[in-house]
Structures are given as structure tokens and as C-alpha cells.
Amino acid sequence: MPLVTSKEMFEKAYNGGYAIGAFNVNNMEIIQGITEAAKECNAPLILQVSKGARSYANHTYLIKLVEAAIADTGLPICLHLDHGDSFELCKSCIDGGFTSVMIDMSSKPFAENIAITRQVVEYAHDHGVVVEAELGTLAGIEDEVVVSAEDSSYTRPEEVEEFVSKTGCDSLAIAIGTSHGAYKFKPGTKPQLRFDVLEEVSRRLPGFPIVLHGASSVPQDLVAKVNAFGGEMPGAVGVPEDQLRKAASLSVCKINIDSDLRIAMTAAVREYLAGHPADFDPRAYLKPARAAIKQLVAHKITDVLGCAGKA
Ligand code: G3H
Ligand code: 13P
Ligand code: ZN
């Protein structure tokens, strides 16, 4: 099975009331942990690569690793550029074999967001590639862009029809209260996503796939493990999983998770090294890290996204 686009995945997810997990990948162990879990759960999968991941691991290495995962699992896998910040970067990923790209002009004025997204859509569709765009601004850190909570803004539902019809994008990321990174909400507060915004967007765009970024739930047992073995993560709070499950049952077809993978991996490496201080074989600590990712992804697929058995 070659790489696929997310088109058919999203149609099935929308109609089936579940979402596809979009997990960020940076190296072989992360790709193996995610794809082994998806294989065991028989789940469709989006593997996404940020600009930072691409410069860390190299485009060719990532493509070849993902191709290896497809050969190994036989799963439908979509390879997606996460937060493309220019036409040139999107073009390079389209030319280099990705099947989906995000053009993220959400921090630009509405007209400029439309113009650049439209340019990417035209090139992408000519090459059989689908495009995710974004309206509204999430707080947090993505690549080198830091958006403060004051500068973030919810998506304005009254803008979505014009945006989608003028750009021709295939899916739309919206801001309903999630944010990037491990520190999304103040400790002690009760996070509440703006389902009213999601529902109004969906009412205006019937059948259209919505994307949720910043959807890590920051499991407290994993944060505690990081800190039990020498880490110093301050109070970190993520998106409650029951709210993600609800979003997946509505029009949200793609849920982005990166920080949870990082925390799971770091907790496993710290635990291993703390218990084996004389060990210096990277395979020894990357093996439990890979297993931790697999366990986390299997949980997300089964209990949060609802896409187990849907490959
Ligand atoms: O939204 C951002 C993703 O978590 C990717 O992070 O740019 O550090 O690779 P990164
Ligand atoms: P998290 O930081 O919540 O994992 O979000 C990841 C993301 O949105 C990648 O685009
Ligand atoms: Zn994101």
C-alpha cells in the first residue's frame, strides 16, 4: 500500500463519529512506536512532520522511514507537513512525496491567509495532495513561533464559509481553546473547550473535516514519572480526554498529538537511566522509550480517537 491522502480517511471518520490521530514524528523509534500501535489496533494513521522535524532528521530519512513503516504494517498512512509556514516549504514537501500539507497562515490577516492558502491549494491539488488550513490562533509554541495567550483568538465562525470556498482547502484547523505544548491551562483550573464555536463552524460547513491542534492531554502519571527521575516539569495541564472524545464524535476528523509523545518518551528514558546509571547503549534506553510511545498511542486510538479497527 502506498502513502494515501487523508480524503477517504476523513470521509469515513466524519460519518463514523471518530477521528484520525495525527502524531508528530522525528526519528525511527517514534515512527516505530506509533505504527506498531496502529497496526495492533488496525487504525488509519496520519504521521506529521514539522519544519523543525524536517531539519532535524532530514526529509529523505523521514520519507524512507515512513515507507518502511508502510511496508511493515500494510496500514493506510498519510504523510503530512505540520504547520507549513510558506508556499515554498509546502511545495518542497509536495514535490518530495508528502500526501498532505498544512499551510498555516493563521497569524496573518484574513485576506493574506486566503491568498497564500489558495496558492498552496492550487499547486497541491495539481499534484494529488490535500491541504489543511487554519483560521483562529492557538496559544503556545510551534516551531520557532511563540503565541502568547493574549494574542491567541478563537476561530470566528462567520468567516469559515468564505475562507473555505475561496481557498478550496480540504480541511480546516480551528481554535476552540486548545494550545500547543505541555502547559496549556493553569494547574487547578478546569479546562473547557468551546464546543459552541465548533458546533457553529460545523453548522456552517456541513460534512467538512475539522482539525484540532494542541490536543495533548498531558497525562499526570507521565509528568510525575519525569519528575520522579530527575525532571523538573512545572505544573502541566492538557486537554481532558473526554472532551477530545466528544470532539471526535462531532466534526473533528484529525486530532494532533505531539507533546504527550515527548513526555512519554522522556519519562521512559529518565526511568531507565536512573535505574541503570552505568548503561551507555542507546538501544537500551530507546527500547523502553519506543514501548512507551506504543502504549500511549494504543490508548489514544482506542479510548480517545475511536479509530481502532477502522483501517
Ligand atoms: O505544533 C507543533 C508540533 O508540536 C511540532 O513541534 O516544531 O518542535 O517539531 P516542533
Ligand atoms: P500538542 O503540543 O498538544 O501535542 O499539539 C501538537 C500539535 O498541534 C502539532 O501540530
Ligand atoms: Zn499544531
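For the structure itself, consult the block above.
Being a predicted model, the structure only gives us computed values, none of them experimental.

Procedures and definitions
Along every chain, residues carry numbers that run from 1 in the direction the sequence is written. All chains are assigned letters beginning at A, and all ligands numbers beginning at 1, according to the order in which they are written. Under the rules for a predicted model, residues below a pLDDT of 70 receive no local features and side-chain atom pairs below 80 are neither given nor counted, while totals for whole chains, interfaces and linings still include all residues. Derived side-chain values reflect all non-hydrogen atoms in the structure, with water molecules and hydrogen atoms excluded from consideration. In this text, helices come from DSSP runs of H or I with a minimum length of four residues, and strands from runs of E with a minimum of two, each type numbered from the N-terminal end. Here the radius of gyration uses the C-alpha set of atoms, whereas the globule reference equals 2.2 Å times the residue count to the power 0.38. Per-residue accessibility, obtained with a 1.4 Å probe over protein chains only, is compared with the maximum for each type, and a residue is labelled buried under 20%, exposed over 50%, and partly exposed between these values. Should any heavy atoms of two residues lie within 4.5 Å, those residues are counted as being in contact. In this analysis, strands are considered paired if DSSP registers two or more bridges between them. Here an angle of 0 to 180 degrees is reported between the N-to-C directions of two axes, which are lines fitted to C-alpha atoms, with helices fitted over the stretch in contact. What counts as a salt bridge is simple: a side-chain nitrogen of Lys or Arg found within 4 Å of a carboxyl oxygen of Asp or Glu. Looking down the strands as they point away from the viewer, one classifies a crossover as right-handed if the path from the first strand across the helix to the second runs clockwise. By nonpolar core is meant a set of buried Ala, Val, Leu, Ile, Met, Phe, Trp, Tyr and Cys residues that side-chain atoms within 4.5 Å join together. A helix's residues, less one, multiplied by 1.5 Å, set its expected span. Under the rule applied, a polar contact is a pair of N or O atoms within 3.5 Å (in protein, one hydrogen donor and one hydrogen acceptor; residues adjacent in sequence only if both atoms are side-chain atoms). To be near a molecule or strand, a residue needs just one of its heavy atoms within 4 Å of it. For the accessible areas, the method is Shrake-Rupley and the probe is 1.4 Å, while residue cover comes only from the protein chains on display. The crossing is said to be left-handed when, going from far helix to near helix, the turn is anticlockwise and less than a right angle, and right-handed when the turn is clockwise. Under the convention adopted here, Pro, Cys and the residues Ala, Val, Leu, Ile, Met, Phe, Trp and Tyr are nonpolar, Asp, Glu, Lys and Arg are charged, and Gly plus all remaining residues are polar.

A. Fine view of the overall build of the protein. In terms of regular secondary structure, the protein is built from twelve helices and ten strands. Its C-alpha atoms give the protein a radius of gyration of 18 Å, within 12% of the compact-globule value 19 Å for 311 residues. The principal-axis extent of the C-alpha atoms belonging to the protein is close to 60 × 45 × 35 Å. Taking all 311 residues of the protein together, the buried fraction comes to 55%. The contacts in the protein between residues at least 6 apart in sequence include a share of 76% that link residues at least 24 apart.

B. Quick look at the sheet that holds strand β3 (residues 77-84). Strand order in the closed barrel formed by eight strands is β1-β2-β3-β4-β5-β8-β9-β10, with parallel pairing between adjacent strands. In this sheet, neighbouring strand axes are inclined to one another by 25 degrees on average, regardless of whether the strands run parallel or antiparallel. Alignment of strand β8 (residues 171-174) against strand β9 (residues 210-212), held across two bridges, turns out to be parallel. By the bridge assignment for β9, A173 is matched with V211. Docked against the sheet, helix α4 (residues 59-73) engages β2 (45-50) and β3, running at close to 150 degrees with respect to β3. Helix α5 (residues 87-95) rests against β3 and β4 (100-103) of the sheet, and its axis sits at about 175 degrees to β4.

C. Highlighting the pattern of salt bridges. Under the defined criterion, the tally for this structure stands at 21 salt bridges. Note that K7 and E11 form a salt bridge whose closest N and O atoms lie 3.3 Å from each other. Of this pair, K7 and E11 both sit in helix α1 (residues 7-16), separated by four residues, roughly a single helical turn. We classify E11 as partly exposed; its relative accessible area is 42%.

D. Up close: the pairing of β2. Among the six residues that make up β2, six are buried, leaving the element largely enclosed by the rest of the structure. Here β2 shows two buried faces, one formed by L45, L47 and V49 and the other by I46, Q48 and S50. Alignment of strand β1 (residues 20-24) against β2, held across three bridges, turns out to be parallel. Paired with A22 across the bridge in β2 is I46. For the segment spanning β1, helix α2 (residues 28-41) and β2, crossover handedness is right-handed.

E. Layout of the nonpolar core. Judged by nonpolar contacts, the single largest core of 100 residues is most densely connected at I34, L47, V101, L172 and I255. Of the residues forming this core, the biggest block, eight residues, is contributed by helix α12 (residues 282-305).

F. Broad picture of α2. End to end, α2 covers 20 Å across 14 residues, agreeing with the expected 20 Å (1.5 Å per residue, within 8%). For α2, the set of buried residues is E29, I30, I31, G33, I34, T35, A37, A38 and C41. Those residues of α2 that are buried are in contact with β1, β2, α4, β3, α11 (259-275) and α12. Regarding α2, its N-cap is N27, as a side-chain oxygen of that residue lies 3.2 Å from the backbone nitrogen of E29 further along. Following α2 by one or two positions, N42 adopts a phi angle in the positive range, close to 50 degrees.

G. View of the site of ligand 2. Of all residues adjacent to ligand 2, which total 16 residues, the nearest are D82, K184, S216, D258 and S259. Taking H180, its side chain carries an N or O atom lying 3.1 Å from an oxygen atom of ligand 2. A distance of 3.1 Å separates an oxygen atom of ligand 2 from a polar atom in the side chain of N256. Relative to its unbound accessible area of 310 Å², ligand 2 is 96% covered by the protein chains.

H. Here's a closer look at the packing of helix α6 (residues 110-126) against helix α7 (residues 160-167). Running from N to C, α6 and α7 point in directions that differ by 35 degrees, and their axes come no closer than 8 Å. Where α6 crosses over α7, the two elements pack in a sense that is right-handed. The segment α6 lies against α7, with F110, N113, I114, T117, R118 and V121 engaging E162, F163, K166 and T167. Class assignment of the residues belonging to the contact of α6 with α7 gives a composition of four nonpolar, three polar and three charged.

I. Just the environment of S251, in detail. In this structure, S251 sits in the loop between α10 (241-249) and β10 (252-257). In this structure S251 comes out as buried when scored by relative accessible area, which is 3%. C-alpha of S251 to C-alpha of K225: the two residues are 26 residues apart in sequence and 34 Å apart in space. Setting aside residues no more than four positions away along its own chain, S251 makes contact with Y14, L198, S202, F208, P209 and I210. Within the structure, S251 has its side chain in polar contact with the side chain of S202 (distance 2.6 Å).

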